[in-house]
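# What the coordinates show
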Amino acid sequence: MSDDDRPYRRILLKLSGEALMGDCAYGIDPAVIGRIAGEIGELVALDVQVALVIGGGNIFRGAGLAAAGMDRVTADHMGMLATIINALALQDALERRGLYCRVMSAIKVNQICEDYIRRRAVRHLEKGRVVVFAAGTGNPFFTTDSAAALRAVEIGADVMLKATKVDGVYDRDPMRDPTAKRYAELSYDEAIGSKLGVMDATALVLCRDHGIPIKVFNIHRPGALVEIVKGAPIGTTVR
């Protein structure tokens, strides 16, 4: 795909930890992470630069234990470690498909991955390597959605892709109400004001203030990731 045909040159994909579970109750489904790695490989073959931020909810949720009484800072640090586990698993799945991948952590774990350095991350992308950002922002009280928006701004991403278990943003929970309406497009302010659960407000404001569009789509639909990057009208666009 030439530069002229390519709608996005550099993307930031936000993956939740739960996206890796598949039908499992906990942890990582090898079939799911393998399929996602394969689709990322298709993007790399199209000369799209791919960065990811991954959550840790399939292993541990810091906010959950904090709500049960654990110190919030401690709980959030545990959640950051869970994201590193997921990032390493995704790196392995990508490398088994012949792709070059770097995991960059916002907290120092030098023996297993690189520290996050913005200029180095951009250089990796320019060399065609997939970059997985782990450990959120490295700070407690911030979600991985906020980390994804921050990294998207820092690396100059053309778009942030928010992978979910439904095919866009709805006015009500489509899992509970089959009459729920899906939005094809929303403004940032509509998404913030309506509290539709697209992303947390910090992430939305960051994207709004830096003009980064957000596309919300169903990661469990095979091929959707590649189609959306090619410009197909899939999911919901926030801009």
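First, a word on what this report is: a plain description of the structure on this page.

Scoring rules and cut-offs
Residues numbered from 1 in each chain as written. Predicted model: local features only at pLDDT ≥ 70, side-chain atom pairs only at ≥ 80, totals over all residues. Heavy atoms only, no water. Helix = DSSP H or I, 4+ residues; strand = E, 2+ residues; numbered from the N terminus. Rg over C-alpha atoms; globule rule 2.2 N^0.38 Å. Buried < 20%, exposed > 50% of the residue type's maximum accessible area, 1.4 Å probe, protein only. Areas by Shrake-Rupley, 256 points an atom, 1.4 Å probe, with all protein chains shown as cover. Pairing = 2+ DSSP bridges. Core = buried A, V, L, I, M, F, W, Y, C linked by side-chain atoms within 4.5 Å. Contact = heavy atoms within 4.5 Å. Phe/Tyr/Trp six-rings, centres within 6.5 Å; stacked < 30°, edge-to-face > 60°. Salt bridge = Lys/Arg side-chain N within 4 Å of Asp/Glu carboxyl O. Patch = residues over 30% accessible without salt bridge, like charges linked within 9 Å, V, L, I, M, F, W, Y side chains within 5 Å. Expected span 1.5 Å × (residues − 1).

When helices and strands are tallied, the chain shows eight helices and 11 strands. At 17 Å, the chain has a C-alpha radius of gyration in line with the 18 Å of a compact globule built from 239 residues. In terms of overall dimensions, the chain has C-alpha extents of about 50 × 50 × 35 Å along its principal axes. Expressed as a percentage of the 239 residues in the chain, the buried residues total 50%. Surface accessibility of the chain: about 11100 Å² in total, with carbon and sulfur atoms responsible for 50%.

Burial of strand β6 (residues 159-164) is extensive: six of the six residues sit out of reach of the surface. Neither face of β6 is open: one carries Val159, Leu161 and Ala163, the other Met160, Lys162 and Thr164, and all of them are buried. Across four bridges, strand β1 (residues 10-15) lies against β6 in parallel orientation. For isoleucine 11, the partnering residue across the bridge sits in β6 and is valine 159. In the sheet, β6 pairs with strand β10 (residues 214-218) via five bridges, with the strands oriented parallel. Paired with alanine 163 across the two strands is phenylalanine 217, which belongs to β10.

Let us look at the nonpolar core. Among the nonpolar cores identified, the biggest contains 43 residues, and Ile11, Leu15, Leu52, Leu161, Phe217 and Val229 are the most heavily contacted of them. Among the elements of the structure, β1, α1 (30-45), β2 (49-54), α3 (72-95), β3 (101-105), β5 (130-134), β6 and α8 (224-229) are those that each provide at least two residues to this core. Those residues within four positions of leucine 15 in sequence are excluded, and the remaining contacts are Ile36, Leu52, Val53, Ile54, Gly55, Leu90, Ala163 and Ile219. The next biggest cluster of nonpolar side chains, apart from the first, holds 30 residues, and it includes Val53, Ala121, Ala191 and Cys207.

This paragraph deals with the sheet that holds β5. The strand order across the open sheet built from nine strands is β4-β3-β5-β2-β1-β6-β10-β11-β9, with neighbouring strands paired in mixed fashion. For this open sheet the edge positions go to β4 (114-115) and β9 (185-186), each flanked by a neighbour on one side alone. Inspection of the sheet shows β2 paired to β5 by three bridges, in the parallel sense. Residue pairing for β5: valine 53 is matched across the bridge by phenylalanine 133.

Turning our eyes to something else, we now look at the packing of aromatic side chains. Applying the stated criterion to the full structure yields one aromatic pair. Between tyrosine 116 and phenylalanine 133, the aromatic rings sit 5.3 Å apart at their centres with planes inclined by 90 degrees, giving edge-to-face as the arrangement. Of the two residues, tyrosine 116 is situated in the loop between β4 and α4 (118-126) and phenylalanine 133 in strand β5; the sequence distance between them amounts to 17 residues. Using a relative accessible area of 17% as the deciding quantity, one classes tyrosine 116 as buried.

Now for the pattern of salt bridges. Applying the stated criterion to the full structure yields 16 salt bridges. A salt bridge links aspartate 92 to arginine 96, with the nearest nitrogen and oxygen atoms 2.7 Å apart. Taking the relative accessible area as the measure of exposure, arginine 96 reaches 57% and is therefore exposed. Here aspartate 189 and arginine 208 are joined by a salt bridge, their closest N and O atoms 2.9 Å apart. In this pair, aspartate 189 is assigned in helix α6 (residues 188-194) and arginine 208 in helix α7 (residues 201-210), connecting sequence segments 19 residues apart. Shared partners join several salt bridges into a network, and the residues in it are Lys14, Asp145 and Lys162.

A cluster of nonpolar side chains, contributed by Leu65, Met70 and Met78, occupies part of the molecular surface with about 210 Å² of accessible area. Here methionine 70 is to be found in the loop between α2 (62-67) and α3.

This part takes up helix α5 (residues 144-155). Helical geometry note: an α-helix holds 3.6 residues per turn, so side chains three or four residues apart project in the same direction. When the terminal C-alpha atoms of α5 are compared, their 16 Å separation across 12 residues agrees well with the 16 Å that a helix rising 1.5 Å per residue should span. Of the residues making up α5, those classed as buried are Asp145, Ser146, Ala147, Ala148, Ala149, Arg151, Ala152 and Ile155. Each element contacted by the buried residues of α5 is listed here: β1, β2, α4, β5, β6 and α7. Looking one or two residues beyond α5, the residue adopting positive phi is glycine 156, at roughly 70 degrees.

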